[in-house]
Amino acid sequence: MSRRRLSFSAALAATCKTVTASAATLTVMLAEPPRTMDPADQNATATRSVLAPFYESLVAQDEHGTIHPALATAWSSSPDGRVWHFTLRTGVFFHDGSICDAPAAVASLNRLVAPNAVLAGSGVFRKLISSVERDGNDIVITLHSPYADLLHLLSQTQAAIVSPVAATSTLARHADGTGPYRFGDWQDGEHVRALRNDRYWGDKARLERIDWRWSPEPSVLNMALQTGDADVVMPLAPVFSHLYRDSDVVHVDRHPGGTQFWVALNNRLPPLDDARVRRALGLAIDRAALVAGLLHGNGTPACHPLTPETPGNLPCTPDDGPDLQQAAALLRQAGHANGFPVTVIVQEPEEPIAEALQAMWRPLGIKLAIRRQEAGVWMQSAFSGSAEKRKTGIGMIISSWSAPFVADLQLRPLYASANSAPGGANLGFYANHLVDAAMDQAAATLDPAERTAIYRTMQGQIAQDAPLLPLYMQDNLYGVRRNVHGVFSMPDGEIVVSRAWKDGP
């Protein structure tokens, strides 16, 4: 407890000693620092937020999921959807002064999909892309098989085009892209600074500088927003949102989020290896109560894998619960009328979820033991293999996932048998060959209506198996000083400030 108070005091002091930013500088505070300056080697929302002003991909995706030109001005695909041609924009330069031409873009993408690449994004892209080649000023991407969401995938920060010079040396610590801001400096524990790129090919940024800062303490973020030491805070804890209801200085933006929180169940550990038991647990969850109590209403109950912004998503219905009588009946059928003990591992932010589930399952005789772990230990435990989880008695894992608009990237990492831990994020070792086959079929189906139908049928099968229990989607809640404009969030929680501007001090 004393260490936590010390951490809070130190972070508060560090925040409050900063001076209020000028109109030329935007100060953004996040809940965690960036992990790298290499866009291909990260998968964290906060890191994407920091990197976005530095980098661009072939195409861009807006907050509604619409695809727009970026470094590519036009594109087309072969009738079978396997070969894609992208025409590259001319007159574009990397921040180091080298030209962003077709050879540079090909080199950047080949770096991502190389057989020996160990970048965080390589696994997904390498499975889909067979080759990347140059054809004059065009880039030709050939896929192993058709992939309906290729454009959405190429819009991701992981696919950003990076300077070939920096890629071989400094990229992890020094961003080098083509975006409207160039890298200034990165002081560990303090800030990342972005400076306006006056050589940018498009409309120039309206700010001279963006300062990124961070603190894990929600109260520190809130204090920085109140004092003006931060212009933008993401996320703003729901408990503080009411403070700004009548504020003339700060407004709170709330948008539906695409991050789904869930409980992964160990499908190989009795009695969770019985689908009836897993369905019973799901039926006993009052998801509306979770949203009301934990999120102060800033969220949406989730009962199926796909999130609301994604084609093929299914809403919650009364059949999804809560229904303690039906849950108890399923437990009796499975031979567990008196319940059973089970252990869940959580990180500190998810502990309140576990405590709420503990109370909801108690009437069924479920004795939920909560094991809280710090981030590094939790990662090792959550991504351990089946034998290790059995040895340590891990029955459940609470976490979250976000891949807005792309059904395949919401489903495949969590439900495909090939992605079972420790090699992937299928933390409960779910395996159903019908679901695996349907995923592959949907990903290669180019007709949107046919693809949506496959995903809805697939989710019906997943609901019967209940390998993972969706809980809710948390809204994106962020605070912005009223003299700041042009800030918005993506469904996954990325805060976008590349086109922001300020008026007044």
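Please refer to the structure placed before this passage.
Definitions and limits used
Residues numbered from 1 in each chain as written. Predicted model: local features only at pLDDT ≥ 70, side-chain atom pairs only at ≥ 80, totals over all residues. Heavy atoms only, no water. Core = buried A, V, L, I, M, F, W, Y, C linked by side-chain atoms within 4.5 Å. Buried < 20%, exposed > 50% of the residue type's maximum accessible area, 1.4 Å probe, protein only. Helix = DSSP H or I, 4+ residues; strand = E, 2+ residues; numbered from the N terminus. Contact = heavy atoms within 4.5 Å. Salt bridge = Lys/Arg side-chain N within 4 Å of Asp/Glu carboxyl O. Axes fitted to C-alpha atoms, helices over the stretch in contact; angles between N-to-C directions. Parallel < 35°, antiparallel > 145°, perpendicular 65-115°, else oblique. Pairing = 2+ DSSP bridges. 1 Å grid on protein atoms, 1.4 Å probe; cavity = no way out; pocket = protein on both sides within 12 Å on 5 of 7 lines; lining within 4 Å. Points joined across faces, edges and corners; volume = space filled by probe spheres on them. Nonpolar A, V, L, I, M, F, W, Y, C, P; charged D, E, K, R; others polar.

### Some points on the nonpolar core
Soluble globular proteins tend to pack their nonpolar side chains together in the buried interior. Core analysis: the largest hydrophobic core is formed by 37 residues, its most contacted members being Leu58, Phe86, Ile139, Ile141 and Tyr147. Listed by contribution, the elements that provide at least two residues to this core are β5 (83-88), α3 (102-113), α4 (122-128), β6 (129-135), β7 (138-143) and α5 (150-154). A per-element tally of this core places α3 first, with 7 residues. Those residues in contact with Phe86 that sit more than four places away from it in its chain are Leu58, Val59, Ala72, Ala74, Trp75, Asn137, Asp138, Ile139, Ile141, Leu151 and Leu154. Leu283, Leu295, Val344 and Ala356 belong to the second-largest nonpolar core, a separate cluster that totals 36 residues.

### Notes on the environment of Val220
By the element assignment, Val220 lies in helix α7 (residues 218-227). Taking C-alpha positions, Val220 is 9.5 Å from Ala31, a pair spaced 189 residues apart along the chain.

### Some details on the pattern of salt bridges
A full pass over the atoms with the stated rule returns 14 salt bridges. The partner of Arg193 in a salt bridge is Asp211, and the shortest N-O contact between them spans 2.9 Å. Taken together, the residues Arg193 in strand β9 (residues 191-196) and Asp211 in strand β10 (residues 209-214) connect sequence positions 18 residues apart. Grouping residues by exposure puts Arg193 and Asp211 together as buried. Linking Asp274 and Arg276 is a salt bridge whose minimum nitrogen-to-oxygen distance equals 2.8 Å. Using a relative accessible area of 30% as the deciding quantity, one classes Arg276 as partly exposed. One salt-bridge network, in which partners are shared between bridges, spans Asp185, Arg193, Arg209 and Asp211.

### Comments concerning the packing of helix α8 (residues 275-283) against helix α16 (residues 448-465)
Where α8 contacts α16, the two axes come as close as 7 Å, and the packing angle between them is 95°. The pairing of α8 with α16 is recorded here as roughly perpendicular in orientation. Between α8 and α16, the contacting residues are Ala275, Arg278 and Arg279 on the first element and Ala463, Gln464 and Asp465 on the second.

### So, the sheet that holds β6
Pairing in this open sheet of 4 strands is antiparallel, and the strands run β4-β5-β7-β6 from one edge to the other. Both outer strands of the open sheet, β4 (72-77) and β6, are each paired with one neighbouring strand and no more. In this sheet, adjacent strand axes meet at a mean angle of 20° when their direction is disregarded. Two elements, β6 and β7, share 6 bridges in a ladder whose sense is antiparallel. In the sheet register, Arg134 faces β7, and the bridge partner there is Ile139. Sheet strands in contact with α3 are β5, β6 and β7, and its direction is about 170° off that of β6.

### What to know about the layout of surface pockets
The computed volume of the second largest pocket comes to approximately 800 Å³. What lines the second largest pocket is a set of 33 residues, and nearest its centre among them are Ala52, Tyr55, Ala60, Gln61 and Val496. At the level of elements, α2 (45-51), β2 (59-61) and β3 (67-69) are the ones that each hand at least two residues to the lining of the second largest pocket. Tallying contributions element by element places β2 first for the lining of the second largest pocket, with 3 residues. Class assignment of the residues belonging to the lining of the second largest pocket gives a composition of 17 nonpolar, 8 polar and 8 charged.

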